[in-house]
Amino acid sequence: MVKIGALWQKKDKRGSTMFSGEVECPHCKKKTRLFGFVNKYKKEENRQPNSNLFIPEDEPQESKDEPYIPETKNPKDEEEMPF
């Protein structure tokens, strides 16, 4: 097994249990934050997960060690596309 990160148990603003931490892809070494929330709708008979995991949409999914540089479109790329 390869360790890819760690989670800490916390309480959210409403007092519900949550987890937060960071995971790192072992192949590309990119890191991202991760949040886990207990599934309030889980019932024994519906086979839903105990927790749901989320990554923030508002931050780049790049390593914190490297600066984030947004991709720029090359106008020639659009001209050369066959469709």
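Residues numbered from 1 in each chain as written. Predicted model: local features only at pLDDT ≥ 70, side-chain atom pairs only at ≥ 80, totals over all residues. Heavy atoms only, no water.

Undergrad: How do you make sense of the overall build of the protein when you look at a structure like this?
TA: Across its full length, the protein holds 1 helix and 4 strands. Mapped in sequence order, the helices and strands of the protein form the string β-β-β-β-α. Every one of the 83 residues in the protein was classed for burial, and the buried ones make up 11%. Residue pairs at least 24 apart in sequence account for 17% of intrachain contacts in the protein once pairs closer than 6 positions are excluded. (Helix = DSSP H or I, 4+ residues; strand = E, 2+ residues; numbered from the N terminus. Buried < 20%, exposed > 50% of the residue type's maximum accessible area, 1.4 Å probe, protein only. Contact = heavy atoms within 4.5 Å.)

Undergrad: What am I meant to see in unusual backbone geometry here?
TA: Comment: phi is negative for the bulk of residues other than glycine, and the bulk of peptide bonds are trans. Phi is positive for lysine 29, close to 65°, though the residue is something other than glycine. The residue lysine 29 is located in the loop between strand S2 (17-24) and strand S3 (31-38) in this model. The phi dihedral of arginine 47 falls on the positive side, at around 55°, and the residue is not glycine. Using a relative accessible area of 79% as the deciding quantity, one classes arginine 47 as exposed.

Undergrad: Whenever I open this one, the environment of threonine 17 confuses me. Can you help?
TA: Secondary-structure assignment places threonine 17 in strand S2. Sequence separation of threonine 17 and phenylalanine 37 is 20 residues, and the distance between their C-alpha atoms is 6.9 Å. Leaving out residues up to four positions away in the same chain, threonine 17 has contacts with Gln9, Lys10, Lys11 and Val38. At a separation of 3.3 Å, a polar atom in the side chain of threonine 17 contacts the side chain of lysine 11. (Polar contact = N/O pair within 3.5 Å; in protein donor to acceptor, adjacent residues only side chain to side chain.)

Undergrad: Would you mind going over the environment of asparagine 39 with me for this structure?
TA: As for its placement among the helices and strands, asparagine 39 is situated in the loop between S3 and strand S4 (51-54). Asparagine 39 gets classed as buried once you look at its relative accessible area, which sits at 10%. Along the primary structure asparagine 39 and methionine 18 are separated by 21 residues, whereas in three dimensions their C-alpha atoms are 9.9 Å apart. Once you skip the residues sitting within four places of it in the chain, asparagine 39 turns out to touch Gln48, Pro49, Asn50, Ser51 and Asn52.

Undergrad: Looking at this model, I keep getting lost on the pairing of strand S1 (residues 5-11). Mind explaining?
TA: It is a general feature of regular strands that their side chains alternate between the two faces of the sheet. Note that S1 and S2 share 7 bridges and pair antiparallel. Across the sheet, lysine 11 pairs through a bridge with threonine 17, a residue of S2. (Pairing = 2+ DSSP bridges.)

Undergrad: Just to check I follow, could you spell out the environment of proline 26 for this structure?
TA: Among the secondary structure elements, proline 26 is positioned in the loop between S2 and S3. Through-space distance from the C-alpha of proline 26 to that of lysine 3 is 8.2 Å; in sequence the pair is 23 residues apart. Beyond its immediate chain neighbours, meaning those up to four positions away, proline 26 contacts Val2 and Ile4.

In short, the description is geometric, and any link to function would need to be established separately.
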